[in-house]
Amino acid sequence: MGRAEERRARQRGGRRAAPPTRSSGTPSEGIATGGRAAARKAAARGKKGGKKGKSGIRRLFTWKKLLGTFLGFCLLGIGAFVVMYMMIDVPKGNAKAQEQSNIYKYSNGSVMAREGDTNREIVDLSEVPKPVQRTFVAAENKTFYTDAGVDFKGIARGLFNTLSGKGKQGGSTITQQYVKNYYLDQDQTVTRKLKELVISLKVDRETPKDDILAGYINTSYYGRGAYGIQAAAQDYYRVDASKLSVQQGAYLAALLQAPSQYDWAAASDTGKKLVTARWNYVLDNMVKQGWLDKTKRDKMTFPFPKEPKAAPGMEGQKGYFIKLAKQQLEKQLVAKEGITQDEAEARVENSGWTITLNIDKKKQVQLEKAVKTQLTSQLDPKKRKVDRNVQAGAASVDPRTGKIVALYGGSDYTKHYISNANRTDYQPASTFKPVILAAALENASETQDGKAIGANTIYDGTSKRQVVDSNGNKVGFGPENEDDTDYGKVTVQTAMDKSINSVFAQMGVDVGMDKVLSTATKLGMDTGKLRPLPAYTLGTMGASPIQMAGVYATLDNHGKQVTPSIIKSAEQGGTEFRLPDPIGEQVISREAADTVTSVLTGVVDDGTAKKSVQQNPARDGRKVAGKTGTSDDNKSAWFTGYTPDLVTSVGLFGEDYKTHGQSKLYNTAGLDRVNGGGFPAQIWAAYTFGVAGKNTKFDLDTDQGAAVQPSWTPTPSATPSETPSETPSETPSETPSETPSETPSETPSQSPSQSAPTGQQSTPVGTSTSPLNPFDPNAGQ
């Protein structure tokens, strides 16, 4: 073959090898283009070959395989459910068999009380008015009459929450709740939930809806020891179930969510708001379901329940002990087992618990004796109406263990259902001032000219002095001192001794009220959603003697948190329920806590508690720290104090004996007004000096305060009595001790204070532009 023929052959071969192309180039260009395309394909194959690992994973987890696996699990689950459905039978009702008496013992093991005769009377559904029946359906399960007895979404949510440790978050139908109450128990285990599901399906298939509803309202727990609607109707409204109105039925239905918390007689303000909202929710649902005429509903008013009747054996202080023990145990069950409040109450009520309390019989007897000799023996309800309104509460705590060793809830649980030791609806007043100082010390706070706040820091004690913020602006708050006394320049130690409001109002703003409330929470107060307002420097929030005893016990315990506990041990069926240690972590530094203690010894030796405590002949050299308090318009008076081994908080509360609303204590026992240094301090001293150790001393890690150095007391502008009299002048000031005027001006004064102390800036011209009223503790809430 000649060269020409070879060239033509190569050209023909090259054209055949080249891919189709739209290019009109020469044959040689086609060959080049084809080569580049082949190279690109080869490179692509090379890249793919370099990612064999990723291709393998993709081949392993294809969407088809994932879908198949998911369907396989679903089939296995369905198969397992079918097996369970075939194997699990509806058991015999065991609710009655599970009912056992609870036994309560003193700390020494002696039996204090037995509680367990079940308050239940079964009624036929026909005896309950139809509209009342529907209140329960509207409250708990609107689809009750049409569903299959279970809420599959709720079950799934419950299983997930149990497995993830989040606890139960609702979703049960009436049928499920009836099955849990009557056939099973309150345990939050996966096994119990699966049984509940299967049994609920079977019960719904085999039992008429009316019978299920009857079982539900007859087995549910309504609080006050009442099981079933008949007992609840009698306890709350003194009528049979057949006589209940729709409004009353809606309240009983609303109760089931949290029986004790929603009991109007003992509910907090928050509890009352919640149960009122739920009552409205029930009635509104009835309107939506067509079961209640909207016009009638709009005319309905809240049906306030009757006062509870205490069960036999609960007389005296026993009822208060048992009520607090139940509350604390229920709280731990909710926290540790993830159950709801109503389930926790059902778990505790008549369930065979043996609960040993921390109450020391000898200390308890002494506390009751102190209240009688120092207070109730001085009252004459027949002579003075105000004496009918005096309520006393007290809690005594061992700061080393957190044990509540004595408690006074009121004159008698069968006569006064609310525990005065645990109520939080009265202001702690100036017993809050040590918390402000603790916050200042813990946060190394400074006055507005950069001086560290401590026991010897100088402040202006002028009454009604306008408080200024860090920018020098007046915040619209200038509290009045007791009897409008001007003290001039004073140390923090003297301000605590004399309980000078103007000093601590300014100190709270210097520290920052957010930090003050944070410290209060750490020390054991329930500050909730309080806004950081200056008015709280005067203790205008609510607190209980138990809370305040915990705060001061934490100070006594050198800053390690103390959570007062009445329960020593709790055992059910031979198994002990583990309770948390009442002694917690270090929440403020030892130096801060010990400095506050040192300062509070001055209140006893040189201040408002001098006559009742320091000069008490029974003191016998004991070291004592404490603080008095008297709230707005003399509605409460306090003394919370401690020795190294015992902390006790005593409160006196004005409560109208008819309406149970707050009332004033003026003229109690013939006195113009009641101060914390009077009856509360006298009760405290009579109790403490009868039971506390005699030779103990505070072990303080501080170089500040009255316990380690004398305080400097300057001469006030208007010379007040060095020791406030326990019996004030015949014409008392309309503004009670240690609180601002009852109706302060919302517009701050434009005139600056005439006296600016060392350690603070002079009051500058200008006012705060905050839209909130700083005198209203609830502003913006």
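None of these values were measured; they are calculated from a predicted model.

**A few points about the sheet that holds strand β14 (residues 625-630)**
Here's step 1: The antiparallel open sheet is built from five strands, whose spatial order is β7-β6-β16-β15-β14. Of all the strands in the sheet, the pair left with one neighbour each is β7 (404-408) and β14. Ignoring which end each strand starts from, the neighbouring axes of this sheet average 5 degrees apart.
Here's step 2: Pairing analysis gives eight bridges linking strand β15 (residues 636-643) to strand β16 (residues 646-654), with the strands arranged antiparallel. The partner of T640 across the bridge, within β16, is S649.
Here's step 3: Contacts between helix α23 (residues 590-606) and the sheet are confined to β14 and β15, with β14 contributing the most and set at about 65 degrees to the helix.
Here's step 4: Sitting on the sheet, helix α25 (residues 679-691) is in contact with β6 (390-397), β7, β15 and β16, with an inclination near 150 degrees to β16.

**Some thoughts on the packing of aromatic side chains**
How two aromatic rings sit relative to each other is given by the distance of their centres and the angle of their planes.
Here's step 1: Within this structure, the stated rule accounts for 20 aromatic pairs.
Here's step 2: Judged by centre distance (5.3 Å) and plane angle (80 degrees), the rings of F639 and W684 are edge-to-face. Note that F639 is positioned in strand β15 and W684 in helix α25, a separation of 45 residues in sequence.
Here's step 3: With relative accessibility at 0%, the residue F639 sits in the buried group.
Here's step 4: Aromatic ring contacts, followed pair by pair, group Y236, Y237, Y251, W264, W279, F302 and F304 into a single cluster.
Here's step 5: Across from the ring centre of F144, 4.7 Å away, lies the NZ or CZ of K209, which sits over that ring.

**A word on helix α12 (residues 246-255)**
Here's step 1: Within α12, nine of the ten residues are buried, which leaves it mostly tucked inside the rest of the structure.
Here's step 2: What α12 keeps buried is the set V246, Q248, G249, A250, Y251, L252, A253, A254 and L255.

**Structural notes on the sheet that holds strand β1 (residues 102-105)**
Here's step 1: The strand order β2-β1-β5-β11-β12 describes an open sheet built from five strands, whose pairing is mixed. Of all strands in the sheet, those bounded by a partner on one side alone are β2 (111-115) and β12 (575-577). On average, each strand axis in the sheet is inclined to that of its neighbour by 20 degrees, with strand direction left out of account.
Here's step 2: Judged from the three bridges that link them, strand β11 (residues 567-572) and β12 form a sheet pairing that is antiparallel. Looking at β12, one finds that E571 is bridged to E576.

**Things to note about helix α6 (residues 130-140)**
Here's step 1: Those residues of α6 lying buried are V132, Q133, T135, F136, V137, A138 and A139.
Here's step 2: Contacts from the buried residues of α6 go to α8 (174-182), α10 (209-219), α11 (229-237), α12 and α13 (269-288).

**Topic: the pattern of salt bridges**
Here's step 1: By the definition in use, this model includes 22 salt bridges.
Here's step 2: Here E349 makes a salt bridge to K326, at a shortest N to O gap of 3.1 Å. Within this pair, whereas E349 is found in the loop between α16 (341-348) and β5 (353-357), its partner K326 is found in helix α15 (residues 318-337), the two being separated by 23 residues in sequence. Across the pair, K326 and E349 agree in class, each one buried.
Here's step 3: Residues R384 and D387 are paired through a salt bridge, measuring 2.9 Å at the closest nitrogen-oxygen approach.
Here's step 4: Overall, R384 belongs to the buried group, its relative accessible area being 15%.

**Section: the pairing of β16**
Here's step 1: Taken across its nine residues, β16 has nine buried, putting it largely inside the fold.
Here's step 2: On β16, burial covers both faces: L646, T648, V650, L652 and G654 on one face and V647, S649, G651 and F653 on the other are all buried.
Here's step 3: Bridge count for β6 against β16 is eight bridges, and the pairing is antiparallel. Looking at β16, one finds that S396 is bridged to T648.
Here's step 4: Where β15 folds back on β16, the antiparallel hairpin that results is connected by two residues.

**Some points on the side chain of N481**
Here's step 1: Counting through the fold element by element, N481 comes out in the loop between β8 (458-460) and β9 (489-491).
Here's step 2: Overall, N481 belongs to the buried group, its relative accessible area being 1%.
Here's step 3: Separated by 3.1 Å, the side chain of N481 and the backbone nitrogen of N501 make a polar contact.

**A few points about the packing of α15 against α16**
When two helices pack together, their arrangement is given by the angle between their axes and by how far apart the axes lie.
Here's step 1: Remark: α15 packs on α16, axes separated minimally by 9 Å, with the N-to-C direction vectors making an angle of 125 degrees. By the angle class used here, α15 and α16 are oblique. Remark: the crossing between α15 and α16 carries right-handed chirality. In this structure, α15 uses K326, L329, E330, L333, V334 and E337 to contact α16, whose residues at the interface are Q341, A344, E345, R347 and V348.
Here's step 2: Class assignment for the residues of the contact of α15 with α16 results in five nonpolar, one polar and five charged.

**Section: the packing of α6 against α12**
Here's step 1: Running from amino to carboxyl end, α6 crosses α12 at an angle of 35 degrees, the nearest separation of the two axes being 8 Å. Helix-helix and strand crossings are classified by hand; for α6 and α12 the assignment is right-handed. Contact residues: α6 offers P131, V132, T135, F136, A139 and E140, while α12 offers V246, G249, A250, L252 and A253.
Here's step 2: Grouping the constituent residues of the contact of α6 with α12 by class yields eight nonpolar, two polar and one charged.

**With respect to the environment of V179**
Here's step 1: Relative to the helices and strands, V179 is located in helix α8.
Here's step 2: Looking at V179, the relative accessible area reads 0%, which means it is buried.
Here's step 3: Distance in space between the C-alpha atoms of V179 and L197 is 9.1 Å, their sequence separation being 18 residues.

**Regarding the confidence of the model for the chain**
Here's step 1: This prediction gives the chain a mean pLDDT of 81; 73% of its residues lie at or above 70.
Here's step 2: The low-confidence segment residues 47-54 (pLDDT under 50) makes zero contacts with residues lying over four places distant or belonging to another chain.
Here's step 3: Confidence drops under a pLDDT of 50 for residues 166-170, and excluding neighbours within four residues, the segment shows 15 contacts in the predicted structure.

**Concerning the environment of G705**
Here's step 1: If you trace the backbone, G705 turns up in the segment after α25.
Here's step 2: As for G705 and T601, which are separated by 104 residues in sequence, their C-alpha atoms are 8.1 Å apart.
Here's step 3: Not counting residues up to four positions away in its chain, the partners in contact with G705 are A455, Q493, S598 and V599.

**Thoughts on a negative patch on the surface**
Here's step 1: On the surface, a cluster of negative charge is contributed by E121, D124, E127, D210, D211 and D240.
Here's step 2: Residue position: D240 is located in the loop between α11 and α12.

**Quick look at unusual backbone geometry**
Here's step 1: Positioned with a positive phi, R224 is a non-glycine residue whose angle comes to about 55 degrees.
Here's step 2: Tracing the backbone through its elements, the reader meets R224 in the loop between α10 and β4 (226-227).
Here's step 3: Even without a glycine there, the phi angle at N667 is positive, about 75 degrees.

What counts, and where the lines are drawn
- Residues numbered from 1 in each chain as written.
- Predicted model: local features only at pLDDT ≥ 70, side-chain atom pairs only at ≥ 80, totals over all residues.
- Heavy atoms only, no water.
- Pairing = 2+ DSSP bridges.
- Helix = DSSP H or I, 4+ residues; strand = E, 2+ residues; numbered from the N terminus.
- Axes fitted to C-alpha atoms, helices over the stretch in contact; angles between N-to-C directions.
- Contact = heavy atoms within 4.5 Å.
- Phe/Tyr/Trp six-rings, centres within 6.5 Å; stacked < 30°, edge-to-face > 60°.
- Buried < 20%, exposed > 50% of the residue type's maximum accessible area, 1.4 Å probe, protein only.
- Lys NZ or Arg CZ within 6 Å of the ring centre and 35° of its normal.
- Salt bridge = Lys/Arg side-chain N within 4 Å of Asp/Glu carboxyl O.
- Polar contact = N/O pair within 3.5 Å; in protein donor to acceptor, adjacent residues only side chain to side chain.
- Parallel < 35°, antiparallel > 145°, perpendicular 65-115°, else oblique.
- Left-handed = near helix turned anticlockwise from the far one by under 90°.
- Nonpolar A, V, L, I, M, F, W, Y, C, P; charged D, E, K, R; others polar.
- pLDDT = per-residue confidence, 0-100.
- Patch = residues over 30% accessible without salt bridge, like charges linked within 9 Å, V, L, I, M, F, W, Y side chains within 5 Å.
- Areas by Shrake-Rupley, 256 points an atom, 1.4 Å probe, with all protein chains shown as cover.
- Lys, Arg positive; Asp, Glu negative; His and termini not counted.
- Charge placed at Lys NZ, Arg CZ, Asp CG, Glu CD.

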